[in-house]
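Chain residues, written in single-letter form:
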Amino acid sequence: MLLLFMFLVWCIFHLGAHLYHLFAGCGMRLRICTQVHLQTQQEVKLRMTGMALQVVRSDGILALYNGLSASLCRQMTYSLTRFAIYETVRDHVAKDSQGPLPFYKKVLLGSISGCIGGFVGTPADMVNVRMQNDMKLPPNQRRNYAHALDGLYRVAREEGLKKLFSGASMASSRGMLVTVGQLSCYDQAKQLVLSTGYLTDGVFTHFVASFIAGGCATILCQPLDVLKTRLMNSKGEYQGVLHCAVETAKLGPLAFYKGLLPAGIRLMPHTVLTFVFLEQLRKHFGIKVLS
């Protein structure tokens, strides 16, 4: 009975954090849509505001929320997996230590959990990118997925199950970097802030640490995010990750940071709100983390 109770508490805790990810995914949809359009440009023609206005003029304001169901599906797979693995293993390992884990162990754990989460979330992520980019295609070339499940089913039926994991290497690599940037850097930043003695373990500390983590995650993952988006949206023009990287490099080194501003606008507030809410969930569930 005790084990069952502990399992239920663990599920409710992670589900609560995960539900916030779902709501955050809704709120960030406009920025993600704009980011994908910027990343799939072969030449720099429009910036973020211009791209958003073009989307609204051509397809209406609701087009900014294309792929919302796929985004929520991705959060239900990618985010829940990486957070659950990282939090559970970290707490288990730290339980036998005299203090918080050293940073290199946090990075290793973040890499493993992010890699697994990225792989699990690849199918929904691919459908997400396709649904957002559909409006850029001519009407006769659009895929017109009704929703995430329709997209997953049609890709598996029309292109094979293997196609669902197109770009899995990029998604897993990005998952590693963004999880290191978010979870590992958040834990380390929080530890450093608390060690100064000027701040207590409160909301402001959580804000500062998560803001630092959001910046680290954005800078770390942006080049891979660009490559992942191009691979998932490709129609066979790239022979692999290396070929995609070479073709992108031909546009100049800054091509790997296309969409950096909307990525930062999306990821940094998302990271801040995620950890502020997560810390409140920890507080109300009585879960303490060695800091």
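Quick caveat: nothing in here was measured; it's all calculated off a predicted structure. (Residues numbered from 1 in each chain as written. Predicted model: local features only at pLDDT ≥ 70, side-chain atom pairs only at ≥ 80, totals over all residues. Heavy atoms only, no water.)

A separate point is the overall build of the protein chain. Looking only at helices and strands, the protein chain has 11 helices and zero strands in total. Helices (α) and strands (β) of the protein chain occur, in sequence order from the N terminus, as α-α-α-α-α-α-α-α-α-α-α. Split into buried and exposed, the 291 residues of the protein chain put 50% on the buried side. (Helix = DSSP H or I, 4+ residues; strand = E, 2+ residues; numbered from the N terminus. Buried < 20%, exposed > 50% of the residue type's maximum accessible area, 1.4 Å probe, protein only.)

Glancing now at the side chain of Arg-230. Relative to the elements of secondary structure, Arg-230 occurs in helix 9 (residues 203–233). Under the relative-accessibility criterion, Arg-230 is labelled buried at 4%. At a separation of 3.3 Å, a polar atom in the side chain of Arg-230 contacts the side chain of Tyr-238. (Polar contact = N/O pair within 3.5 Å; in protein donor to acceptor, adjacent residues only side chain to side chain.)

This paragraph deals with helix 11 (residues 260–285). Since there are 3.6 residues in each turn of an α-helix, residues three or four apart along the chain are aligned in direction. Here helix 11 contains 26 residues, and its C-alpha end-to-end distance of 36 Å stays within 8% of the 38 Å for a straight helix at 1.5 Å per residue. A positive backbone phi angle near 70 degrees is found at Gly-286, which sits one or two residues after helix 11. (Expected span 1.5 Å × (residues − 1).)

Here the focus is a nonpolar patch on the surface. A cluster of nonpolar side chains, contributed by Leu-108, Ile-112, Ile-116, Phe-119, Val-120 and Phe-165, occupies part of the molecular surface with about 510 Å² of accessible area. Within the element layout of this structure, Phe-165 appears in the loop between helix 7 (148–159) and helix 8 (168–195). Phe-165 gets classed as partly exposed once you look at its relative accessible area, which sits at 34%. (Patch = residues over 30% accessible without salt bridge, like charges linked within 9 Å, V, L, I, M, F, W, Y side chains within 5 Å. Areas by Shrake-Rupley, 256 points an atom, 1.4 Å probe, with all protein chains shown as cover. Salt bridge = Lys/Arg side-chain N within 4 Å of Asp/Glu carboxyl O.)

Applying the stated rule across the entire model yields three cavities of 30 Å³ or more. In this structure, the second largest cavity encloses a volume near 50 Å³. In terms of lining, the second largest cavity is formed by Arg-74, Tyr-78, Gly-118, Gly-121, Thr-122, Asp-125, Ala-171, Arg-174, Gly-175 and Lys-228. Residue assignment for the lining of the second largest cavity shows that the elements contributing at least two residues are helix 4 (68–94), helix 6 (122–133) and helix 8. Per element, the largest residue contribution to the lining of the second largest cavity is three residues, and it comes from helix 8. Partitioning the lining of the second largest cavity into residue classes produces two nonpolar, four polar and four charged. (1 Å grid on protein atoms, 1.4 Å probe; cavity = no way out; pocket = protein on both sides within 12 Å on 5 of 7 lines; lining within 4 Å. Points joined across faces, edges and corners; volume = space filled by probe spheres on them. Nonpolar A, V, L, I, M, F, W, Y, C, P; charged D, E, K, R; others polar.)

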